[in-house]
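One-letter residues, chain by chain:
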Amino acid sequence: MRRFILLITLLLFLSTPSLAQVAESYTCTDCFVDSNDLNVQTLTLTTFTVDTGSNLCLIAILHTRVVAGTVTANWDSAGTPQAMTEVGTGVAGTFAFVRVFQLANPAVGNLSMVFSWTGTGSVSTLGAVAFSGADCASAGNVVTATGSSTTPSTGAVTSTATGATVGAETSAGNDITAETLTPVYRNNTQSFQNAGVTYTLGNADNTHSWTIGSNTWGAIGFHIPAAAAAGGVGSLLMMGVGR
């Protein structure tokens, strides 16, 4: 009986997959591209590289001053285009809009990202960040917030010790002077808009915040869980069977 209980306990332990650790997996000379043209409805980012890794997750962020309509989002647009999927439904502050997109297992390398949208042209920024060890398709726990102040903030994003969170903000002008978590980029170069993105790895609840000159803003945050670690459970099961 004791051997039977021990065997059942061991099998239950081994049936629980271990998780990878989400980590950064990107290089960029500039992690964003922008336009001050009020008539623009397409942006192309060519200065971003997805580094080699397993369970890759590419995140793209579109910041606009007015609401973008239907968005067409592709990675490797000049080669074999990979369509990106929106995470949540975005956030709409007053003259401050943000939408985020994800792509699991993107092609690796310095490729082109192209976003186009219907509706009104706008001052706009398109940026990106990428991770390895991620269950990209399960990105969620989305939080959004809007306001008018000097401290745009996503509010707390529920996370895990092995996952990551990403936060993005757009405000209707005034430079970003500080952020609370690791910056991917600050774009203070535009007229009537600034844009920022930050990330962090692990922790239980992460709040992404920025400091700006007082203005209206919109912010969004979300969680990227870790993927199951490849091979760990299978090798342990083989050891158990062998003994």
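Whatever comes next refers back to the structure up there.
Quick summary incoming for the structure in this document.

Topic: the packing of aromatic side chains
Scanning the entire structure with this criterion turns up five aromatic pairs. The interplanar angle of 90° and the centroid separation of 5.1 Å between the aromatic rings of Phe-101 and Phe-115 together place this pair among those described as edge-to-face. With a gap of 14 residues between them, Phe-101 in strand S10 (residues 96-104) and Phe-115 in strand S12 (residues 113-119) connect regions that are remote in the sequence. You can call Phe-101 buried: its relative accessible area is 3%. Each residue in the set Tyr-26, Phe-48 and Trp-75 is aromatic and connected to the rest through ring pairs, giving one cluster. A cation over an aromatic ring shows up here: Arg-65 above the ring of Phe-95, its NZ or CZ 4.5 Å from the ring centre.

As for the sheet that holds strand S20 (residues 205-212)
Ordered by their spatial adjacency, three strands build an open sheet running S15-S20-S17, and the pairing between neighbours is antiparallel. In this open sheet, the two strands that pair with only one neighbour each are strand S15 (153-158) and strand S17 (176-179). This sheet shows a mean twist of 20° between the axes of neighbouring strands, independent of strand direction. In terms of strand pairing, S17 meets S20 through three bridges, oriented antiparallel. The residue bridging Ile-176 from the neighbouring strand is Ile-212, located in S20.

Focus: the pattern of salt bridges
Tallied over the entire structure, the rule returns two salt bridges. In this structure, Glu-86 and Arg-99 form a salt bridge, with 2.9 Å as the shortest nitrogen-oxygen distance. With Glu-86 in strand S9 (residues 85-93) and Arg-99 in strand S10, the pair connects residues that are 13 residues apart, well separated along the chain. Using a relative accessible area of 25% as the deciding quantity, one classes Glu-86 as partly exposed. Its salt-bridge partner being Glu-179, residue Arg-186 comes within 2.8 Å of it at the nearest N-O pair. Residue class for Arg-186 comes out partly exposed when judged on its relative accessible area of 35%.

Brief notes about the state of the cysteines
According to the stated counting rule, one finds two disulfides in the structure shown. At a sulfur-sulfur separation of 1.8 Å, the disulfide partner of Cys-28 is Cys-31. Negative torsions about the S-S bond denote left-handed disulfides, and the value of about -50° found for Cys-28 with Cys-31 makes this one left-handed. Two residues share a disulfide in this structure: Cys-57 and Cys-136, whose sulfurs sit 2.2 Å from each other. What sets the handedness of the Cys-57 and Cys-136 disulfide is the S-S torsion sign, and at about 55° it is right-handed. Taken together, the positions of Cys-57 in strand S6 (residues 57-64) and Cys-136 in the loop between strand S13 (124-132) and strand S14 (140-149) put the pair 79 residues apart, joining distant regions of the chain. When its relative accessible area of 3% is taken as the criterion, Cys-136 is described as buried.

Topic: unusual backbone geometry
Phi at Asp-76 is positive, roughly 60°, even though this residue is not glycine. Mapped onto the fold, Asp-76 is located in the loop between strand S7 (68-75) and strand S8 (82-83). Residue Asn-105 is not a glycine yet carries a positive backbone phi of 55°. Along the chain, Asn-105 turns up in the loop between S10 and strand S11 (109-110). On the basis of relative accessible area, Asn-105 is assigned to the exposed category, the value being 52%.

Reading the values: rules and limits
- Residues numbered from 1 in each chain as written.
- Predicted model: local features only at pLDDT ≥ 70, side-chain atom pairs only at ≥ 80, totals over all residues.
- Heavy atoms only, no water.
- Phe/Tyr/Trp six-rings, centres within 6.5 Å; stacked < 30°, edge-to-face > 60°.
- Helix = DSSP H or I, 4+ residues; strand = E, 2+ residues; numbered from the N terminus.
- Buried < 20%, exposed > 50% of the residue type's maximum accessible area, 1.4 Å probe, protein only.
- Lys NZ or Arg CZ within 6 Å of the ring centre and 35° of its normal.
- Pairing = 2+ DSSP bridges.
- Axes fitted to C-alpha atoms, helices over the stretch in contact; angles between N-to-C directions.
- Salt bridge = Lys/Arg side-chain N within 4 Å of Asp/Glu carboxyl O.
- Disulfide = S-S within 2.5 Å.

As far as function goes, none of this settles anything; it's purely spatial.
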